[in-house]
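Chain and residue survey
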Amino acid sequence: MRQPNPIVTGLRCHCPRCGRGRLFAGYLRLAQRCPECELDFAFADSGDGPAVFVIFLVAPIVVILALVVGSMAPIPPWMHLVLWIPVTLLLSLLLLPPFKGVLVNLQYRHDAHEGHQ
């Protein structure tokens, strides 16, 4: 059986082995196992990786948008806060589950484990 693409299945928040079952039981809480193929998700530990990648993606997007909007129409600093804080929060919250899904899928694909000495 051919393994599904870990990027695609991760973005869809699906199981890394079968590509069909749901990966999450909550917003960011992993299910105990895949409802389709019964893969145990105990191996999965993405740590802070998803948050770091989301920060590195969202921050430049918001800064560039703020610069573009500020150059098109001069607005007071408080208005930038009113605009960009909600945009930052929304983008971060929307991107966290897919990024965590991708990291868990890549962890499964490459059989990655915590380092031991």
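Residues numbered from 1 in each chain as written. Predicted model: local features only at pLDDT ≥ 70, side-chain atom pairs only at ≥ 80, totals over all residues. Heavy atoms only, no water.

So, helix α3 (residues 77-109)
- In a regular helix each residue adds 1.5 Å, so 33 residues correspond to 48 Å; α3 covers 46 Å between its end C-alpha atoms and thus fits that length.
- Of all the bends found along α3, the most pronounced is centred on Leu96 and spans about 35°, while Pro97, a proline, follows it within four residues.
- Along α3, the residues that are buried comprise Trp84, Leu96, Pro97, Pro98, Lys100, Gly101, Val102, Val104, Asn105 and Gln107.
- Looking at the buried positions of α3, the neighbouring elements they touch are α1 (6-11) and α2 (49-72).
- Looking one or two places after α3, you find Asp111, whose phi comes out positive at around 50°. (Helix = DSSP H or I, 4+ residues; strand = E, 2+ residues; numbered from the N terminus. Expected span 1.5 Å × (residues − 1). Bend = angle between axes of the 7 residues up to and from the residue. Buried < 20%, exposed > 50% of the residue type's maximum accessible area, 1.4 Å probe, protein only. Contact = heavy atoms within 4.5 Å.)

Observations concerning the nonpolar core
- Ranked by size, the top nonpolar core spans 12 residues in total: Cys13, Cys15, Cys18, Leu23, Phe24, Leu30, Ala31, Cys34, Leu39, Phe41, Ala44 and Val104.
- If near-sequence neighbours (up to four positions away) are discounted, Val104 is found in contact with Leu23, Leu30, Phe43, Ala44 and Ser46.
- In terms of nonpolar packing, the next biggest core, distinct from the first, is built from 6 residues, Val54, Val62, Ala66 and Trp84 among them. (Core = buried A, V, L, I, M, F, W, Y, C linked by side-chain atoms within 4.5 Å.)

What about the environment of Cys37?
- Tracing the backbone through its elements, the reader meets Cys37 in the loop between α1 and α2.
- Residue classification places Cys37 among the partly exposed positions, given a relative accessible area of 21%.
- For Cys37, the contacting residues outside a window of four places in its chain are Cys15, Arg17 and Cys18.

Side note on the packing of aromatic side chains
- In the structure shown here, the tally under the stated rule is 2 aromatic pairs.
- Centroid distance Phe41 to Phe43: 6.5 Å. Interplanar angle 70°. Geometry classified as edge-to-face.
- Judged by its relative accessible area of 22%, Phe43 falls in the partly exposed class. (Phe/Tyr/Trp six-rings, centres within 6.5 Å; stacked < 30°, edge-to-face > 60°.)

Quick notes on α2
- In this model α2 runs 35 Å from its N-terminal to its C-terminal C-alpha over 24 residues, within 8% of the 34 Å that 1.5 Å per residue would give.
- Buried residues of α2: Gly49, Pro50, Val54, Val58, Val62 and Ala66, and no others.
- The inward-facing, buried residues of α2 contact α3.

Looking at the packing of α2 against α3
- Look at α2 against α3: their axes get within 8 Å of each other, and the N-to-C directions meet at 150°. For the element pair α2 / α3, the angle class is roughly antiparallel. In terms of crossing hand, the pair formed by α2 and α3 is right-handed.
- In terms of residue class, the contact of α2 with α3 is made up of 18 nonpolar, 5 polar and 1 charged. (Axes fitted to C-alpha atoms, helices over the stretch in contact; angles between N-to-C directions. Parallel < 35°, antiparallel > 145°, perpendicular 65-115°, else oblique. Left-handed = near helix turned anticlockwise from the far one by under 90°. Nonpolar A, V, L, I, M, F, W, Y, C, P; charged D, E, K, R; others polar.)

Re the state of the cysteines
- Considering all chains together, one arrives at 0 disulfides under this definition.
- Cys18 takes part in no disulfide bond, and the closest cysteine sulfur to it belongs to Cys34, at a distance of 3.6 Å. (Disulfide = S-S within 2.5 Å.)

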